[in-house]
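# Results of the structural survey
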Amino acid sequence: MVAHSSDLVCIQEVGMRDGLQSAGQFVTTEDKVRLIDQLSKTGLSKIEVTSFVSPKAVPLLADAEEVLAAINRQPSVTYSALIPNRRGLDRALAVELDEVNLVMSVSEAHNLANLRMTCEQSIEQFREICNNRGSLRVNGTLATAFGCPFHGEVTQSTVFEWAHRYLDAGIDSLTLADTIGAATPRQVYDLCSGFTEAFPSIEITLHLHNTRGLGIANALSGIAAGIRHLDASIGGIGGCPYAPGATGNVCTEDLVHALIFDGYRCEVDLEQLLSVSHELGDLLSDPLPGLVRYAGSKLTKHSMSEDLRRRLGLIEE
Ligand code: COA
Ligand code: ZN
């Protein structure tokens, strides 16, 4: 199948932030830097390297400054870090970084649980952050855009309302996040096509979790609705520590495998991704949820055992 230029999908790695923030063990700064440097060479368009949040809230990413000081940057990659507040911006401005990723939930209950702020208080800080960003690009993430662990359903009009507030505050691009893996393909199609129509000149990213097994189906549905930027995490690690039951992101290598074999272009090297995924698997004690890392690419050929070939008469006695 020949891919067309409109079939180009940008893959943005979030495993080093969304994954390692809840990994169940501290991955050393040295190991983080090595993994990021390898990911930088795979063709990914963006890497969310870490977050500048309170180390008390997320101790596993307490080494954010050290990681950013040690990585080897590739010019083709946008390096991003998540920030929740003004203090996060001050830390981001003190290091070498291309973008900050602001985060707030469209659900008041989850925003309070995750960030100890009301949605209004978050937007107030974001306005100040946008006004003081220096040369940093600013992305705004709307968490719980497809469902909230405390409140349940989230309406489309709520998501649109906060998107407009974010854009008014001065962000450059927007992410719709399914923090708890509640989305279904039709829901993704409806919201994403609404967004691509309403905001044709704004880059929109889809950030999905595979909590209920719909991650890849939802990604394909978002692409069908015009989305061309997708977050994913190597090995499928991930989960918000402040969202009960939230598990891993859609897995980078599984997503790339699905896109390549479904005729899209994503300019990411699957073999190199698999090698980073295996290296990460060796570091973490829990098994990684990704699937292609176990099954291999669909073109993997297996050889028949000698015994079977003999029984089938394929080997002459
Ligand atoms: N980076 C580092 N430290 C920060 C910080 C930041 N961006 N923002 C606040 N802090 C520190 C304060 O200095 C203070 O430190 P102290 O106790 O030593 O004085 C402490 O954190 C509490 O500050 P406060 O402003 O009262 O924050 P809070 O307790 O109300 O928590 C957040 C608010 C946003 C800082 C915290 O909830 C947080 O970091 N959440 C992020 C959660 C997350 O990353 N979730 C997953 C990603 S979506
Ligand atoms: Zn997430």
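Structure's up top.
Description of the structure in this document. (Residues numbered from 1 in each chain as written. Chains lettered and ligands numbered in written order. Predicted model: local features only at pLDDT ≥ 70, side-chain atom pairs only at ≥ 80, totals over all residues. Heavy atoms only, no water.)

## Some details on the site of ligand 1
Which entries qualify depends on this criterion: For this description, a residue counts as near a given molecule or strand if any of its non-hydrogen atoms is within 4 Å of it. In protein, a polar contact requires one atom able to donate a hydrogen and another able to accept it; more generally it is a pair of N or O atoms within 3.5 Å, and residues adjacent in sequence count only if both atoms are side-chain atoms. For the area figures, the Shrake-Rupley method with a 1.4 Å probe applies, and any residue is considered shielded solely by the protein chains shown. By definition, any uninterrupted DSSP run of H or I lasting at least four residues is a helix, any uninterrupted run of E lasting at least two residues is a strand, and each is numbered from the N terminus.
The environment of ligand 1 is formed by 18 residues, the closest being Ser54, Lys56, Asn85, Arg91 and Asn114. One of the backbone nitrogen or oxygen atoms of phenylalanine 52 is found 3.0 Å away from a nitrogen atom of ligand 1. A distance of 2.9 Å separates a nitrogen atom of ligand 1 from a polar atom in the side chain of asparagine 85. In the complex, the protein chains occlude 67% of the 930 Å² of accessible area that ligand 1 would expose alone. Within the residue set of the shell around ligand 1, elements represented by two or more residues are helix H4 (86–93) and helix H5 (108–115). Looking at the shell around ligand 1, the element that brings in the most residues is H4, giving 3 residues.

## Quick word on helix H10 (residues 252–261)
What counts here: When accessible area is computed with a 1.4 Å probe and restricted to protein chains, residues below 20% of their type maximum are described as buried, those above 50% as exposed, and intermediate ones as partly exposed. Two residues form a contact once any of their heavy atoms are found within 4.5 Å.
For H10, the tally of buried residues reaches 7 of 10 residues, placing the bulk of the element in the interior. For H10, every residue scored as buried is listed here: Thr252, Glu253, Asp254, Leu255, Val256, His257 and Leu259. On its buried face, H10 is in contact with strand E1 (10–13), helix H9 (215–224), strand E8 (229–232), helix H11 (270–283) and helix H12 (292–295). Phi for glycine 263, located one or two positions after H10, is positive at around 90°.

## Some words on the nonpolar core
Let me state the cut-off plainly: Throughout this description, the term nonpolar core refers to a set of buried Ala, Val, Leu, Ile, Met, Phe, Trp, Tyr and Cys residues connected via side-chain atoms within 4.5 Å.
Ile11, Leu102, Leu142, Leu176, Phe195 and Leu206 are the most contacted members of the largest nonpolar core, which has 89 residues in total. Ignoring any residue separated from it by four or fewer positions in sequence, one finds leucine 102 in contact with Ile83, Phe126, Ile129, Val138, Asn139, Gly140, Thr141, Tyr166 and Ile171.

## Structural notes on the pattern of salt bridges
Rule in force here: Take a side-chain nitrogen of Lys or Arg and a carboxyl oxygen of Asp or Glu: if they are within 4 Å of each other, that pair is a salt bridge.
Summed over all chains, the structure comprises 17 salt bridges. Salt-bridge contacts for glutamate 65 lead to arginine 91; the nearest nitrogen and oxygen are separated by 2.8 Å. Here glutamate 65, found in helix H3 (residues 64–70), pairs with arginine 91, found in helix H4; they are 26 residues apart in sequence, far enough to count as distant. Here glutamate 65 falls in the partly exposed class, since its relative accessible area comes to 27%. For arginine 91, a relative accessible area of 16% puts it in the buried group. The salt bridge involving aspartate 172 is made with arginine 133; its shortest N-O contact spans 3.1 Å. Residue aspartate 172 is located in the loop between helix H7 (156–169) and strand E6 (173–178), and its partner arginine 133 is located in the loop between helix H6 (119–131) and strand E5 (137–143); the two are separated by 39 residues in the primary sequence. A residue is classified by how much of its surface remains accessible, and aspartate 172, at 33% relative accessible area, is partly exposed. What you see here is one network of salt bridges that share partners, running through Lys46, Glu99, Arg137 and Glu203.

## Describing the pairing of strand E2 (residues 46–51)
Put simply, the rule is: Pairing between strands requires that DSSP locate at least two bridges from one strand to the other. Handedness is read with the strands pointing away from the viewer; a crossover is right-handed when the path from the first strand over the helix to the second is clockwise.
Most of E2 sits inside the fold, with 6 of its 6 residues counted as buried. Judged from the 5 bridges that link them, E2 and strand E3 (residues 78–83) form a sheet pairing that is parallel. Counted as the bridge partner of serine 51 is leucine 82 from E3. Where the polypeptide runs from E2 across H3 and back to E3, its parallel neighbour, the crossover connection is right-handed.

## Some points on the packing of H10 against H11
Applicable threshold: For helices, the fitted line uses only the C-alpha atoms of the stretch in contact; every axis is such a line through C-alpha atoms, and the angle between N-to-C directions lies from 0 to 180 degrees. Orientation labels follow simple angle bins: below 35 degrees gives roughly parallel, above 145 gives roughly antiparallel, 65 to 115 gives roughly perpendicular, and whatever is left gives oblique. Helix crossings get a hand from a simple test, with the near helix turned counterclockwise from the far one by less than a right angle marking a left-handed crossing and a clockwise turn marking a right-handed one. Residue classes follow a fixed rule: Ala, Val, Leu, Ile, Met, Phe, Trp, Tyr, Cys and Pro count as nonpolar, while Asp, Glu, Lys and Arg count as charged, and any other residue, Gly among them, counts as polar.
Here H10 crosses H11 at 160°, and the two axes come no closer than 9 Å. Relative to H11, the element H10 lies roughly antiparallel. In the crossing of H10 with H11, the sense of the turn from one axis to the other is left-handed. Residues Thr252, Glu253, Val256, His257 and Ile260 of H10 touch H11, and the partners they reach there are Leu270, Leu273, Leu274 and Ser277. Residues belonging to the contact of H10 with H11 are distributed by class as follows: 5 nonpolar, 3 polar and 1 charged.

## Some points on the sheet that holds strand E4 (residues 99–105)
In spatial order, the strands read E1-E2-E3-E4-E5-E6-E7-E8; together these 8 strands close into a barrel with parallel pairing. Strand-to-strand twist of the sheet, defined as the mean angle between neighbouring strand axes without regard to direction, takes the value 25°. Here E6 pairs with strand E7 (residues 204–208) via 5 bridges, running parallel. When the sheet's bridge partners are listed, threonine 175 is paired in E7 with threonine 205. Against the sheet, H7 makes contact with E4, E5 and E6, and its axis sits at roughly 160° relative to E5, the strand it touches most. H9 rests against E7 and E8 of the sheet, and its axis sits at about 165° to E7.

## Points about the side chain of serine 193
On the secondary structure map, serine 193 appears in helix H8 (residues 185–198). Accessibility expressed as a relative area gives 15% for serine 193, which makes it buried. A polar contact is formed between the side chain of serine 193 and the backbone oxygen of aspartate 190, at a distance of 3.4 Å.

## Focus on the packing of helix H2 (residues 29–40) against H11
Running from N to C, H2 and H11 point in directions that differ by 170°, and their axes come no closer than 10 Å. By the angle class used here, H2 and H11 are roughly antiparallel. By crossing handedness, the relation of H2 to H11 is classed as left-handed. Here H2 contributes Asp31, Arg34, Leu35, Gln38 and Leu39 to the contact with H11, which in turn contributes Leu273, Val276, Glu279, Leu280 and Leu283.

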